Amino acid sequence: QVHLVESGGGLVQAGGSLRLSCAASGRTFSTAVMGWFRQAPGKEREFVAAISGSAGNTLYADSVKGRFAISSDNAKNTAYLQMNSLKPEDTAVYHCAVKPYGSGTNYDVRNYEYWGQGTQVTVSS
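What comes next is a walk through the structure. Remember, it's a predicted structure, so these values are computed and weren't measured experimentally.

### Re the overall build of the chain
- Summing up its helical and strand segments, the chain has zero helices and 11 strands in all.
- When the helices and strands of the chain are placed in sequence order, the string is β-β-β-β-β-β-β-β-β-β-β.
- Dimensions of the chain along its principal axes, counting C-alpha atoms only, are 40 × 25 × 25 Å.
- Burial status across the chain gives 44% buried among its 125 residues.
- A total of about 6100 Å² of accessible surface is found on the chain, and carbon and sulfur atoms cover 48% of it.

### Re the sheet that holds strand E7 (residues 68–73)
- Taken in spatial order, the four strands make up an open sheet running E1-E3-E8-E7, and their pairing is antiparallel. The strands lining the two open edges of the sheet, one partner per strand, are strand E1 (3–7) and E7. With strand direction ignored, the average angle separating the axes of adjacent strands in the sheet is 15°.

### What to know about the nonpolar core
- Counting 35 residues, the largest nonpolar core has Leu4, Trp36, Leu81, Met83 and Tyr94 as its most contacted members.
- Mapped by element, the contributors of at least two residues to this core are strand E3 (18–25), strand E4 (32–39), strand E5 (46–52), E7, strand E8 (78–83), strand E9 (92–100) and strand E11 (119–124).

### Comments concerning the pattern of salt bridges
- Enumeration over the complete set of coordinates arrives at five salt bridges.
- Its salt-bridge partner being glutamate 46, residue arginine 38 comes within 2.6 Å of it at the nearest N-O pair.
- Of the residues examined, glutamate 46 reaches a relative accessible area of 36% and is grouped as partly exposed.
- With a shortest N-O distance of 2.7 Å, arginine 110 and aspartate 108 are connected by a salt bridge.
- Residues participating in the shared-partner salt-bridge network are Arg38, Glu46, Arg67 and Asp90.

### Regarding the pairing of E3
- With five bridges connecting them, E1 and E3 associate as antiparallel partners. Bridge assignment links serine 7 to a residue of E3, and that residue is serine 21.
- Two elements, E3 and E8, share six bridges in a ladder whose sense is antiparallel. Residue pairing in the sheet places serine 21 in a bridge with tyrosine 80 of E8.

Calculation notes
- Residues numbered from 1 in each chain as written.
- Predicted model: local features only at pLDDT ≥ 70, side-chain atom pairs only at ≥ 80, totals over all residues.
- Heavy atoms only, no water.
- Helix = DSSP H or I, 4+ residues; strand = E, 2+ residues; numbered from the N terminus.
- Buried < 20%, exposed > 50% of the residue type's maximum accessible area, 1.4 Å probe, protein only.
- Areas by Shrake-Rupley, 256 points an atom, 1.4 Å probe, with all protein chains shown as cover.
- Pairing = 2+ DSSP bridges.
- Axes fitted to C-alpha atoms, helices over the stretch in contact; angles between N-to-C directions.
- Core = buried A, V, L, I, M, F, W, Y, C linked by side-chain atoms within 4.5 Å.
- Salt bridge = Lys/Arg side-chain N within 4 Å of Asp/Glu carboxyl O.

The structure is reproduced here in structure tokens:
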């Protein structure tokens with residue numbers, strides 16, 4: 001069993017930055033992939049970024065590439081999402097999730113087994 005807790009969300013003006021954290025217990029990141037997803041009201045949950053705990057390989061959605069950066073601290077079993085140049089369309093509940101390494105694509109929400117409760121990010125114009 002894996003327990004994930006996100007933090008760091010909040011209200012920020014367009015162009016601002018936020019750093020989200022995801023603390024995990026029960027499984028080490030070195031054998032898993034950590035992903036960030038977001039869900040805006042009335043929309044489906046969408047992929048944002050993912051990082052492989054063992055090799056540190058990263059993957060980003062086109063909509064956030066160049067603005068967001070995912071990282072992890074395996075010793076702390078924590079992943080981060082640095083979000084810069086935020087836009088109103090980034091407003092959503094952001095969830096972190098964990099999947100086994102190698103089990104399907106890292107951008108497909110269906111491949112993730114464990115999910116956090118989410119943290120709200122609101123970007124005002």
